[in-house]
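So the chains spell out like this:
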Amino acid sequence: MRIHRLNPQLISQIAAGEVVERPASVVKELLENSLDAGATRIELEVEHGGVRLIRIHDNGSGIHKDDLLLALSSHATSKIASLADLERIASLGFRGEALPSIASVSRLTLISRATGQDSGWKLLGSREPSHHPIPIAHPVGTTVEVRDLFFNTPARRKFLRGERTEFGHLEDVVKRIALSRFDVEIKLRHNQRPVMLLHPANVYTEQEQRLAALCGRAFRENAVFLDQKAAGLQLWGWIGLPAFSRSQADLQYFFVNRRMARDKLATHAVRQAYQDVLYQGRYPAFVLYLELDPSLVDVNAHPAKHEVRFRESRLVHDFLFHTLHEVLAQVRPGTPALPAVPPTLVTPPDPAWCSHSEQQAMPLPVQEQMIAYAGVHPETDPSPPIAEQGSAEEPPPLGYAVAQLHGIYVLAENAAGLVLVDMHAAHERITYERLKTSLEQEGIRSQPLLVPITVTLSRREVQWVEERAELFANMGMEVAPLGPETVIIRRIPALLAGADAAQLLRDVLADLLTHGTSTRMGETLYETLSTLACHGSVRANRQLTLVEMNALLRDMERTERSGQCNHGRPTWVQFKLEELDKLFLRGR
Ligand code: ADP
Ligand code: MG
């Protein structure tokens, strides 16, 4: 075959291959066009998952009658005119490809009335040479109707899934757009039934309502709002409390200048920020908005504009990481933004958490039972005695301990109602944060054992201990091989004085061996500290005195990240008085 030019229809169909994958991608392009036209109200009507019909109506600025034909032509756009424009794009679209691509693989009708025109005009997307706009009654704005997607490209049609699946994808796109623009009213109907009705949300409480409608009430109630600026960057939005983690990365929304973006850099920064508060294999939930000068982002990195590139990626990464890390560190009792966990959320626990509850059933070594909380932390300053509670001073956020339940929980009374604390989880986090702080400041202080302890291990373990003497030294443990199958422990971390040294060593070894040792030294060290903290902390069934319980509560208030244990389980739960009243049908 000789070389020849492709006809425009085929060119558009090829281009459509990149942009139009399924009904959801059509909706994305059309919604973006409406937003670019300044619409404040958008209505979507969808039939059969969007395959049979997608009709979108907006109240934007409309398209001039004489531009209608151009709007359906390839490489025609009103959004950029020069390379300089391309380098600092404020609109969502700029390629001038969406409408012609969609028109080439469907039956498309475009109706629009531009501001200032006294009638609407309608144009069919088919490529008959004779066709021109005909007048039609229409308010200012645009309606685009897309019927029978892929009717003329059977190969693509085959890749479409069932109605439910296609609609699911489509709904997800609408959701993302709705999260990107709280000020725009959005309505979605599927097969004549209303599916989504979102009013404009201009004040914070309304935005929270939209957030709850789109991401679930549980997310709203377990998320912290943040808004930080630095170095010309702004990050705002909501991040889920670590204890509200997910088994999938399905509640992660990231917008760059209000454009939804999949970005590896951001995902990495977020993961790092959550690293040491999240249960292994769990995913954080977030809805985050990054705003920056458009010239610092390259949005022309992907045909469907799914990806962005940052000119100063290091700066962006560090800004994201530090901001989120800082916010997460502040999550502790008394954080004003920290919402109460409603009781319904507490049970049943997530399966991933359950695997850890075996900790509580472990038989307790006698020695461990004798370490009182206050004994482990002699520097703790116990709270004022109960008698002083009536004083004019504000009661502390977690209130005062009332009782210990089943040797596991501390029950406390605070201003809002009742607080329930998981003793072990809370103590574990406190110990871990202390170990980390002392590691960062002066190295973990160790303390000699009165009587060094010999421990019998496997040959492999002994060898392992020998090779990693330095790692153990950094953690404040001095362990040396004594024979092929025995080691001697001479010193343990001062913070864990009184803990069962042999047990500690075994636990740490078991963890290190199962989790592998391939991770970098620093991470290994943190993981090991976490293990140390876990096994060296108060266990269930230990009787605490009121003074000790109050000391624990005060420690939680002081400790960063104390809202969840090292594994990401919550350490405490608030039961509000109103919730208790409701249980007893007490009207107000
Ligand atoms: P792009 O959005 O990249 O410019 P499109 O093919 O999506 O390319 O749209 C072509 C042009 O049609 C746009 O530049 C815009 O001027 C006009 N247009 C499309 N949809 C709308 C709309 N809903 N309201 C107003 N103008 C629109
Ligand atoms: Mg467009």
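Residues numbered from 1 in each chain as written. Chains lettered and ligands numbered in written order. Predicted model: local features only at pLDDT ≥ 70, side-chain atom pairs only at ≥ 80, totals over all residues. Heavy atoms only, no water.

1. Brief notes about the site of ligand 1
Right, so step 1: Close to ligand 1 lie 20 residues, the nearest being Asn 33, Thr 77, Ser 78, Lys 79 and Gly 96.
Right, so step 2: Contact distances for ligand 1 include 2.5 Å between an oxygen atom and a side-chain N or O atom of Thr 77.
Right, so step 3: The set of elements that each furnish at least two residues to the shell around ligand 1 consists of helix 2 (23-36) and helix 5 (98-104).
Right, so step 4: Counting residues per element, the shell around ligand 1 draws most heavily on helix 5, which supplies three residues.
Right, so step 5: Taken together, the residues that form the shell around ligand 1 break down as eight nonpolar, eight polar and four charged. (Near = heavy atom within 4 Å. Polar contact = N/O pair within 3.5 Å; in protein donor to acceptor, adjacent residues only side chain to side chain. Helix = DSSP H or I, 4+ residues; strand = E, 2+ residues; numbered from the N terminus. Nonpolar A, V, L, I, M, F, W, Y, C, P; charged D, E, K, R; others polar.)

2. So, the pattern of salt bridges
Right, so step 1: Under the definition given, this model contains 29 salt bridges.
Right, so step 2: Put simply, Lys 436 and Glu 433 hold a salt bridge, and the shortest N to O gap is 3.4 Å. Here the residue Lys 436 and the residue Glu 433 both occupy positions in helix 17 (residues 423-441), the gap between them amounting to three residues, near one helical turn. Both residues of the pair, Lys 436 and Glu 433, count as buried.
Right, so step 3: Taking the shortest distance from any N to any O, the salt bridge between Arg 558 and Asp 555 comes out at 3.0 Å. Separated by three residues within a single helix, Arg 558 and Asp 555 lie in helix 22 (residues 546-558), roughly one turn from each other.
Right, so step 4: For Asp 555, a relative accessible area of 1% translates into the label buried.
Right, so step 5: What you see here is one network of salt bridges that share partners, running through Arg 429, Glu 433, Lys 436, Glu 560 and Arg 561. (Salt bridge = Lys/Arg side-chain N within 4 Å of Asp/Glu carboxyl O. Buried < 20%, exposed > 50% of the residue type's maximum accessible area, 1.4 Å probe, protein only.)

3. A word on the packing of aromatic side chains
Right, so step 1: Under the criterion given, the structure shown has nine aromatic pairs.
Right, so step 2: Among the aromatic side chains, those forming a connected cluster through ring pairs are Phe 182, Tyr 204, Phe 225, Trp 236, Trp 238, Phe 255 and Tyr 289.
Right, so step 3: The ring of Tyr 432 is capped by Lys 436, whose NZ or CZ atom sits 4.7 Å from the centre of that ring. (Phe/Tyr/Trp six-rings, centres within 6.5 Å; stacked < 30°, edge-to-face > 60°. Lys NZ or Arg CZ within 6 Å of the ring centre and 35° of its normal.)

4. With respect to the confidence of the model for the protein chain
Right, so step 1: Per-residue confidence for the protein chain averages 82 on the pLDDT scale, and 86% of its residues sit at or above 70.
Right, so step 2: Contacts for the low-pLDDT stretch residues 336-391, under 50 throughout, to residues beyond four places or in other chains number 97 contacts.
Right, so step 3: Contacts for the low-pLDDT stretch residues 517-521, under 50 throughout, to residues beyond four places or in other chains number six contacts. (pLDDT = per-residue confidence, 0-100. Contact = heavy atoms within 4.5 Å.)

5. Some details on the nonpolar core
Right, so step 1: Core analysis: the largest hydrophobic core is formed by 63 residues, its most contacted members being Leu 179, Phe 219 and Val 287.
Right, so step 2: It is helix 7 (residues 163-180) that contributes the most residues to this core, seven residues altogether.
Right, so step 3: Shared between two domains, this core holds at least three residues of each, these being domain 1 (8-198) and domain 2 (204-329).
Right, so step 4: Each residue touching Leu 179, except ones within four places of it in the same chain, is listed here: Leu 211, Leu 214, Cys 215, Tyr 253, Phe 255, Val 287 and Tyr 289.
Right, so step 5: Core analysis: the next-biggest nonpolar cluster, separate from the first, contains 34 residues, Leu 233, Phe 254, Val 297 and Phe 321 among them. (Core = buried A, V, L, I, M, F, W, Y, C linked by side-chain atoms within 4.5 Å. Domains from an automatic or database assignment.)

6. What about helix 18 (residues 459-467)?
Quick reminder: α-helices carry 3.6 residues per turn. Residues three or four places apart thus point the same way.
Right, so step 1: Listed as buried for helix 18 are Glu 461, Val 462, Trp 464 and Val 465. All buried residues of helix 18 lie within an arc of 160 degrees about the axis, which places them on one face of the element. Away from its buried face, by an angle of more than 90 degrees, helix 18 presents the exposed residues Arg 459, Arg 460, Glu 466 and Glu 467. (Arc of directions from axis to C-beta.)

7. Section: the sheet that holds strand 16 (residues 400-405)
Right, so step 1: Read across the open sheet, the four strands follow the order 16-17-18-22; overall the sheet is antiparallel. Edge strands, defined here as strands with exactly one partner in the open sheet, are strand 16 and strand 22 (572-576). On average, adjacent strands in this sheet sit at an angle of 25 degrees to one another, irrespective of strand direction.
Right, so step 2: Note that strand 16 and strand 17 (residues 409-414) share five bridges and pair antiparallel. Bridging from a neighbouring strand, Ala 401 pairs with Ala 412 of strand 17.
Right, so step 3: Each of strand 16, strand 17 and strand 18 (417-422) is contacted by helix 17, which is oriented at about 70 degrees to strand 18, the strand it contacts most.
Right, so step 4: The strands touched by helix 22 within the sheet are strand 16, strand 17, strand 18 and strand 22, with strand 16 carrying the most contacts at an inclination of about 115 degrees. (Pairing = 2+ DSSP bridges. Axes fitted to C-alpha atoms, helices over the stretch in contact; angles between N-to-C directions.)

8. Considering helix 17
Right, so step 1: If you check helix 17, its first and last C-alpha atoms are 27 Å apart, about what 19 residues at 1.5 Å a residue would give, namely 27 Å.
Right, so step 2: Burial analysis of helix 17 places 16 of its 19 residues in the buried class, which makes it a mostly covered element.
Right, so step 3: Its side-chain oxygen 3.1 Å from the backbone nitrogen of His 424, Asp 422 forms the N-cap of helix 17.
Right, so step 4: Looking one or two places after helix 17, you find Gly 443, whose phi comes out positive at around 85 degrees. (Expected span 1.5 Å × (residues − 1).)

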